Amino acid sequence: MSKLEGIRTGRHCVFALHAHLVFVTKFRHQVFDDRHLARMEEIMRAVCADFETELVEFNGEDNHVHLLVNFPPKVAPAKLVNSLKGVSSRRLRQEFPDLARHYYRANKLWSGSYFAGSVGGAPLSIVRQYIAQQNRPV
């Protein structure tokens, strides 16, 4: 049987869960340049691997980053986000002392909030229609 694109298997499940995550810097400071983003991608790939997730796509600008993550059902997105933000903040501060000037007010790299959106699959209207048309027993 050929492997379906994007479908992963666990011990008792088959899944295709993707999330679009966006992290914004504290106070929207313009912090990052290309070398910061390149290193951040490496750090975030390593954190994702620890969670048995896959960082499918990564990119960013000077004050925010976007991630596309494929994750198993056993991983809580909030815990993954907490680890991604915490580890990346700590490691970037250690490796790039020039970032210290952006920490003077809050001693934090990331804003406390984040965006997480589910990605992939059929639009909600199609899923609702499919569920509504099931042959319910009488």
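Here, the structure is the one placed above.
Nothing here was measured: the structure is a model prediction, and the numbers come from that model.

Asker: Outline the sheet that holds strand 5 (residues 64-70), listing residues and values.
Answerer: If you trace the four strands from one edge of the open sheet to the other, you get 4-5-3-6, paired in antiparallel fashion. Taken across any chain shown, the strands that pair with only one partner, and hence form the sheet edges, are strand 4 (54-60) and strand 6 (110-119). Within this sheet the neighbouring strands show an average axis-to-axis angle of 20°, counted without direction. Two elements, strand 3 (residues 18-25) and strand 5, share seven bridges in a ladder whose sense is antiparallel. Bridge assignment links A19 to a residue of strand 5, and that residue is V69. The sheet strands contacting helix 1 (residues 34-50) are strand 3, strand 4, strand 5 and strand 6, and the helix crosses strand 4 at an angle near 160°. Across the sheet, helix 2 (residues 77-95) is in contact with strand 3, strand 5 and strand 6; its angle to strand 6 comes to roughly 135°.

Asker: Before we move on, can you summarise helix 2 with the specific residues and values?
Answerer: Along its 19 residues, helix 2 runs 27 Å from first to last C-alpha, staying within 8% of the 27 Å computed at 1.5 Å per residue. Taken together, the buried positions of helix 2 are occupied by L80, V81, L84, K85, V87, S88, S89 and L92. For helix 2, the secondary structure elements touched by its buried residues are strand 3, helix 1, strand 5 and strand 6.

Asker: So what's going on with the side chain of S88? Which residues, and what values?
Answerer: Inspection of the secondary structure puts S88 in helix 2. Judged by relative accessible area, which is 0%, S88 ranks as buried. Within polar-contact distance, the side chain of S88 engages the side chain of W110 at 3.0 Å. Among residues more than four places away in sequence, those in contact with S88 are M40, I43, M44, S83 and W110.

Asker: I'd like a description of the pairing of strand 3, backed by residues and values.
Answerer: By the criterion of burial, strand 3 is predominantly enclosed, with six of the eight residues buried. In the sheet, strand 3 pairs with strand 6 via seven bridges, with the strands oriented antiparallel. Paired with H18 across the two strands is V119, which belongs to strand 6.

Scoring rules and cut-offs
Residues numbered from 1 in each chain as written. Predicted model: local features only at pLDDT ≥ 70, side-chain atom pairs only at ≥ 80, totals over all residues. Heavy atoms only, no water. Pairing = 2+ DSSP bridges. Helix = DSSP H or I, 4+ residues; strand = E, 2+ residues; numbered from the N terminus. Axes fitted to C-alpha atoms, helices over the stretch in contact; angles between N-to-C directions. Contact = heavy atoms within 4.5 Å. Expected span 1.5 Å × (residues − 1). Buried < 20%, exposed > 50% of the residue type's maximum accessible area, 1.4 Å probe, protein only. Polar contact = N/O pair within 3.5 Å; in protein donor to acceptor, adjacent residues only side chain to side chain.

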